[in-house]
Structure formats: structure tokens, C-alpha cells
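Residue-level listing of the chains:
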Protein chains: 4
Amino acid sequence: MPTVERFGVSMDASLLKSFDGRIKKAGYRTRSEAVRDIVRNYLVEDEWQDEEAEVVGTVTLVYNHHQRELDHTLNDLQHKYHDAITCATHVHLDEHNCLEVIVIRGSSKNVRTISERLISTRGVKHGKLVCTTTGRRLS
Amino acid sequence: MPTVERFGVSMDASLLKSFDGRIKKAGYRTRSEAVRDIVRNYLVEDEWQDEEAEVVGTVTLVYNHHQRELDHTLNDLQHKYHDAITCATHVHLDEHNCLEVIVIRGSSKNVRTISERLISTRGVKHGKLVCTTTGRRLS
Amino acid sequence: MPTVERFGVSMDASLLKSFDGRIKKAGYRTRSEAVRDIVRNYLVEDEWQDEEAEVVGTVTLVYNHHQRELDHTLNDLQHKYHDAITCATHVHLDEHNCLEVIVIRGSSKNVRTISERLISTRGVKHGKLVCTTTGRRLS
Amino acid sequence: MPTVERFGVSMDASLLKSFDGRIKKAGYRTRSEAVRDIVRNYLVEDEWQDEEAEVVGTVTLVYNHHQRELDHTLNDLQHKYHDAITCATHVHLDEHNCLEVIVIRGSSKNVRTISERLISTRGVKHGKLVCTTTGRRLS
């Protein structure tokens, strides 16, 4: 079991009031949980500064599946980087548009490179990388 | 078939050289494709400014599946918002950590609210929303 | 004098250790100060969601002062919006390039509009808006 | 005089229409100018990936000037890093709150470090770094 520690935070009453209002709106039940979340966020940003650290990224792509060459290229890319690509989910947005979310794991440098390759593929309308974490260093 | 138009862009030779280097590194084959991509990006940001516009978001969550209450809460949330949640993909990162990517569709206001609820759930270590598009207005 | 309140945050020992390492690197002397800062950041983002709230923005522009029309246009813009523009600082980066930082105060909607006008002025090489606060609601 | 080159961009009519609407709203007069701006933005982001590249940053701080220790600390920091800090502009937001914009020049690594030190100073309510450019490589 992980050890839980406790520390005190002092804050002006008015700042605390604003914070309480904001976290209630966001759905947090306790201040502790909200503080832990924003602390983790702050740490994940830092993990991605280290090019060699093992991270996880998800790439969201929106594209038109009628563009035949695109399926082929995306497939090729996934084979080329199969060690790093964990899985992909495909959503049919309408008769033309697809959304695909691809989970990639590796060094932050590699995940960025693969993500750029996917996003720059001809026919991809919109692509974004989420920089997240293996969770190991964030208890 | 969509009509394709063509317009000219003038650019200083040195800026163009830097641009060519950058897009080659990113994997673009032509300047046209790179310009289209950054134009679409610029437009998607704008779609999300309109609270009522129909958009698509993907939420990436990393959490510890041993926290039993969490599965339950995430499930409850997904049932509550089942009209908007298209699908979810689950990845087992290691024996403790899970990654889940949830695709949400609706007004930008709703997608943001659902995303905040998911991310603020107790036990979620890291969560991020990608603001993307139905693709309809981006040919 | 503002009332200071104190609340407790519980955190796994390993997360706390990572947090301590990160804030030491950033220069924070206490956890309380770091938590207050990330809480304020979180709240300022929210202020800017409300189009009518009074906010402060700073716009950083880099441009080539040899482009004569630019000085004129930037001047015109500043006169047009003089009620909102508090001040501007000019830095001579080299014999060609200037940096200008302009402080704007008003509704978030207005500050965004003025910022876009400045950034889109022909000859401006790079422009960025910082969304900050009057400080009134953040003690 | 810099050499100006011209290249063609092909784009679906509907995407071009959306682009035209957006850039008109932002205040651009021509497509060329808008494309150049978003290209430069894309390149400046890349400059900051190289830790040794010479860049320019502006740090916006909001703080309460009644906190005496703060003036002292900010002054100390500016002396410590005087080689890198070009200038600072001070705005009196109200009787309590000040805004300060500090222009910093150096390697991206140094500019980030100095920025973190300034932002983490006790009493600073909100701080943000803008990553911009010397303009030399962006004609």
C-alpha cells in the first residue's frame, strides 16, 4: 500500500473561496483531490521535457476515408512503428469523416516523431497529440 | 466532387527555406498540404469558441484500476451522458495503470462539461481533452 | 488585512516527492506557495472564459521597423483603442527587428479583438497574447 | 533587399471560404499575409525546442506591491540575470496590484529558467512566459 502524507496549505480566504467555486463546478468533491490533479498535470508537463523518458501519447486524427491513399499510408506508418503503437480506435463520424485515436508508447522524442508523421499524412484534416503518462511515477 | 481552388502565397526566400525545412522534418510532401493543415488547425480552434457548435472531443484518462470506486463512477458518468459518448477504448498500461480514451460528440459546451467531469473523478491521475471537429466544415 | 485560511492536502508519498523535486527546481520555497500559484493559474484561465469579465492582456509583437506602413498602422490601432491600451514598451532587438509589448485592459472579448488586430497587422512577424488578470479577484 | 518567392496553394473551395471568413474577422487583408503569419508561428514553436538557440521571451507578472519582500526579490533576480534581461515595464493596475512585463534574451534554456524563477517568486499572483523570437531567422 502506498504511504499517504498530509501537508497544510495556507491561502487567503478570498482565493480559497474562488478555488472552492471553481472545483465544485468542475466536479471535484474535495480540495485535496483537486490539488493532487493540478499537481500531477504540472508534473506530466515536465516528464515530456525529457526526450528519453518513457511516456504515453494519444493522437486524435480526423480524416476523410474516401481518400484511398490515406488508409494505406496510415497502415504503413502503423506497421513501421508497431513496437510503439499500442492500439487504434476508429469512429465513423458520418459517411465521409472518420476519427481515429492512436495510443503510442515510447520515449517522448519517438512519440512526438510518430505523432507528427501521422498528423502530416495527406488527407488528415485535423490531428492533435495528447502528452500523457505511463502513470508509474504519478501515484 | 469538391471544387479545388488555387491561390498564390508570396514569401521571403529565407522564410520559405525555413518553412521547407520544418515541413520536411514533419513529414509533409508538399507546401500545399502543410498550409492546408495549419489553416484547418486555425479554424478548429475557432469552432470551439462557439459554445453551441457541434464538435468532437477525445478525453484521455490515466488511472489506477485498483481504485474500485473509480470504475463505478466512470461507468455512471458514461451512462449519464450516453447520448454524447460515442465510444471508449481501454489500454492496460501495466498491472496497476489503465489508459482510457473516450470520444464525445455534442455542443462544445457539453463536451467540455463531460470532459471536466471525467477528469475530476477521484482516482484519475491525468486527463486531457483534445478539441477536434466533426470534419464537416473542413474539407 | 486579508484572512488567511489553512487546509490539509493528503498525497501519496511518491507523488509528494516528485512534486517537491519539481518545485525546488522551479524556485519555490514552500509547497503552499507552489499550490497557490497553480491554483491561481487555474482560476485565471476561467476568468477568460467569461467574455464580459474585466481582464488584462499583454501582447508581444516582433516586427521589422523598416516596414514604414507598419509603424503607422500600429499607431492608428493604438489611437483607435486608446481607452483599453495602457502602455507599450519598445525594444530594439537589432538594426531591423523590434519587439513591442502592449498592455491592454478591458473585457476579455475586447482584449482578444484588439490583440488579433495588432497581431494580424502586415509586417508583424510574430505575435502572442498573454491572458492575465487585474489581480483583484486573486488574493 | 530580400528576395520574395511565390508558390501556389490548392485548397477545397469550402475550406478556402472558411479561411477567408476567419482571416477577415482577425483583420488580415490578404491570404498571403495570414499564411505567412501562421507559418512563422509554426517556426517559432520549433526554435524553442532547441535549448541552445537564441530566443526572446517576455514574462508577464501580476503581483501585490505591498508585499515588500517581493520588490526586493524581483530586483535581486534582475541583477543576477542582468546580462539576459533587456528591460522591464511596470503598470499600476490599482492601489494594490502591479503588472510587470520583463523582456529576456538568451538561450531558450536560460530564458525558461529565469522565467520560472520570476514566476515562482513569493507574492507573484500570476505569471506567464511568451516564447518569441529575435526575428533574425524569420523574414
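The rules we used
Residues numbered from 1 in each chain as written. Chains lettered and ligands numbered in written order. Predicted model: local features only at pLDDT ≥ 70, side-chain atom pairs only at ≥ 80, totals over all residues. Helix = DSSP H or I, 4+ residues; strand = E, 2+ residues; numbered from the N terminus. Rg over C-alpha atoms; globule rule 2.2 N^0.38 Å. Buried ≥ 20, exposed ≤ 12 C-beta atoms within 10 Å, placed from the backbone. Contact = placed C-beta atoms within 7 Å. Least-squares fit on C-alpha atoms with pLDDT ≥ 70 in both. Nonpolar A, V, L, I, M, F, W, Y, C, P; charged D, E, K, R; others polar. Domains from an automatic or database assignment. Pairing = 2+ DSSP bridges. Axes fitted to C-alpha atoms, helices over the stretch in contact; angles between N-to-C directions. Expected span 1.5 Å × (residues − 1). Arc of directions from axis to C-beta.

Participant: I would appreciate a short explanation of the overall build of chain A in the present structure.
Facilitator: Helix and strand content of chain A: four helices and five strands. Written out in order from the N terminus, the α and β elements of chain A read β-α-α-β-α-β-β-α-β. The C-alpha atoms of chain A give 20 Å as radius of gyration, which overshoots the globular expectation for 139 residues (14 Å, by more than 25%). Burial analysis of chain A (139 residues in total) assigns 39% to the buried set. For chain A, the proportion of contacts with a sequence separation of at least 24, taken over those separated by at least 6, is 70%.

Participant: Help me understand the relation of the copies chain A and chain B in this model?
Facilitator: The operation relating the two chain copies consists of a rotation about an axis and a shift along that axis. Overlaying chain A on chain B yields an RMSD of 0.0 Å, the required transformation being a rotation through 180 degrees with an accompanying axial translation of 0.0 Å. Taken together, these values place the two copies in the relation of a two-fold axis. When the interface residues of chain A are mapped onto chain B, 100% of them again lie at the interface, so the same face is used by both copies.

Participant: Before we go on, may I ask you to explain the interface of chain A and chain B in this structure?
Facilitator: In many analyses, interface size is given as the accessible surface area lost on bringing the parts together. Taken together, the contact pairs 38 residues of chain A with 38 residues of chain B. Elements represented by at least two residues in the side of chain A that touches chain B include exactly helix H2 (31-47), strand E2 (54-64), strand E3 (85-92), strand E4 (97-107), helix H4 (108-119) and strand E5 (124-132) of chain A. When grouped by side-chain class, the residues that make up the side of chain A that touches chain B number 13 nonpolar, 14 polar and eleven charged.

Participant: In this structure, what is going on with the interface of chain D and chain C? I would like to understand it.
Facilitator: On the chain C side, the residues contacting the 38 residues of chain D number 38 residues. Sorting the residues of the side of chain D that touches chain C by element identifies helix H2 (31-47), strand E2 (54-64), strand E3 (85-92), strand E4 (97-107), helix H4 (108-119) and strand E5 (124-132) of chain D as the ones contributing at least two each. A per-class count over the side of chain D that touches chain C returns 13 nonpolar, 14 polar and eleven charged.

Participant: What exactly am I supposed to notice about the domain arrangement of chain A here?
Facilitator: Looking at the assigned domains, one finds that chain A contains domain 1 (13-47) and domain 2 (54-132). Inter-centroid distance (C-alpha atoms) of domain 1 of chain A to domain 2 of chain A is 31 Å.

Participant: Could you clarify how one ought to interpret the pairing of E3 of chain D in this entry?
Facilitator: A regular strand places its side chains on the two faces of the sheet in alternate fashion. Residues and elements named next belong to chain D. Pairing geometry for E3 and E4, over seven bridges, is antiparallel. When the sheet's bridge partners are listed, Thr89 is paired in E4 with Val101. Linking E3 to E4, which pair antiparallel, is a turn of four residues.

Participant: Can you walk me through the sheet that holds E5 of chain A in this structure?
Facilitator: By definition, the strands of a sheet pair up through backbone hydrogen bonds, in either a parallel or an antiparallel sense. Residue and element names in this part refer to chain A. Strand order across the open sheet formed by four strands is E3-E4-E2-E5, with antiparallel pairing between neighbours. Looking at strand neighbours, the two that pair on one side only are E3 and E5, the edges of this open sheet. Taking the axes of each pair of neighbouring strands and ignoring which way they run, one obtains an average angle of 15 degrees across the sheet. Across the face of the sheet, H4 comes into contact with E2, E4 and E5 while running at roughly 160 degrees to E4.

Participant: It is not clear to me how the relation of the copies chain D and chain C should be interpreted in this structure. Could you clarify?
Facilitator: Placing chain D over chain C gives an RMSD of 0.0 Å and needs a rotation angle of 180 degrees, together with 0.0 Å of translation along the axis. Residue by residue, 100% of the interface of chain D is reproduced at the interface of chain C, so both copies engage with the same surface.

Participant: What should I look at first to understand helix H4 (residues 108-120) of chain B in this one?
Facilitator: Along an α-helix, residues three or four positions apart point the same way, because every turn accommodates 3.6 residues. Residues and elements named next belong to chain B. Over its 13 residues, H4 runs 18 Å from end to end, which matches the ideal 18 Å to within 8%, given 1.5 Å per residue. Within the span of H4, buried status applies to Val111, Ile114, Ser115, Leu118 and Ile119. For H4, the arc enclosing every buried residue in end-on projection is 130 degrees, short of the 170-degree limit, so these residues lie on one face.

Participant: Can you help me understand the sheet that holds E4 of chain D in this one?
Facilitator: Residue and element names in this part refer to chain D. The strand order E3-E4-E2-E5 describes an open sheet built from four strands, whose pairing is antiparallel. Each of the sheet's edge strands pairs with one partner strand only, and the pair in question is E3 and E5. Across this sheet, the average inter-strand angle for adjacent strands is 15 degrees, counted without regard to direction. The strands touched by H4 within the sheet are E2, E4 and E5, with E4 carrying the most contacts at an inclination of about 160 degrees.

Participant: Hey, could you run me through the arrangement of the chains in this one?
Facilitator: When C-alpha atoms are compared, chain B and chain C, though not in contact, are closest at a spacing of 9 Å. Over all C-alpha pairs, chain A and chain D never come within contact, reaching a minimum spacing of 10 Å.

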